[in-house]
Amino acid sequence: MSNELYQIWKENSKDYVTQNKVFYQKLRKKKKLDDEFHDLDAKVFEKMDCLDCANCCKTTSPIFQQSDIERVSKALKMKVPEFIETYLHLDEDKDYVLNSAPCPFLGYDNKCIVYKNRPTACREYPHTNRKRMHQILKKTFKNAEVCPAVYHILEEMKAP
């Protein structure tokens with residue numbers, strides 16, 4: 001990722017949701033929102049490399065579904081109960097999440113040591129190329145505070 005793009009995000013992404021309430025309401029009414037997100041997702045990710053940042057892995061936890069738990073524990077050659085006891089806990093929504101950040105599977109080079117077996121939430125993050133973006137718009141605005149790519153996608157959408 002260009003250092004300039006990262007710096008812009010770092011300086012401007014705090015409390016993105018509150019700063020952009022009017023813009024959020026405008027997007028909620030927009031038709032063909034998926035197409036616009038998908039086009040900008042491709043454009044922004046041409047300029048940015050997740051391995052340059054890995055802020056999502058450093059600051060947040062994905063939700064682990066049962067299939068994720070089974071897949072990752074198998075990759076680590078651990079039994080499911082041992083994996084859960086070592087790495088996960090139930091959050092207030094009764095979802096399994098990591099015990100701590102950064103992610104214990106994040107390598108020194110920002111590469112995931114369980115990449116081929118990573119949780120579905122990690123595979124889909126930052127969710128800017130999925131269908132029905134209207135349904136996750138609030139989450140997308142929150143993700144702009146974590147992910148420079150999401151921030152820049154939303155900022156591109158503001159441009160006339």
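Just above, that's the structure.
Residues numbered from 1 in each chain as written. Predicted model: local features only at pLDDT ≥ 70, side-chain atom pairs only at ≥ 80, totals over all residues. Heavy atoms only, no water.

## Digging into the nonpolar core
Inference 1: L27, F37, F141, L154 and M157 are the most contacted members of the largest nonpolar core, which has 23 residues in total.
Inference 2: Counting only elements with at least two residues in this core, the list comes to α1 (3-12), α3 (21-28), α4 (33-47), α9 (137-143) and α10 (148-158).
Inference 3: In terms of residues, this core owes the most to one element, α10, which gives 6 residues.
Inference 4: Look past the residues within four positions of L154 in its chain and what remains in contact with it is Y16, F23, L27, F37, T140, F141 and A144. (Core = buried A, V, L, I, M, F, W, Y, C linked by side-chain atoms within 4.5 Å. Buried < 20%, exposed > 50% of the residue type's maximum accessible area, 1.4 Å probe, protein only. Helix = DSSP H or I, 4+ residues; strand = E, 2+ residues; numbered from the N terminus. Contact = heavy atoms within 4.5 Å.)

## Section: the environment of Y96
Inference 1: Relative to the assigned elements, Y96 resides in strand β2 (residues 96-98).
Inference 2: For Y96, a relative accessible area of 25% gives the class partly exposed.
Inference 3: C-alpha of Y96 to C-alpha of S61: the two residues are 35 residues apart in sequence and 9.3 Å apart in space.
Inference 4: Filtering out sequence-adjacent residues up to four positions away, Y96 remains in contact with P62, I63, F64, I69, I84, L88, H89 and L90.

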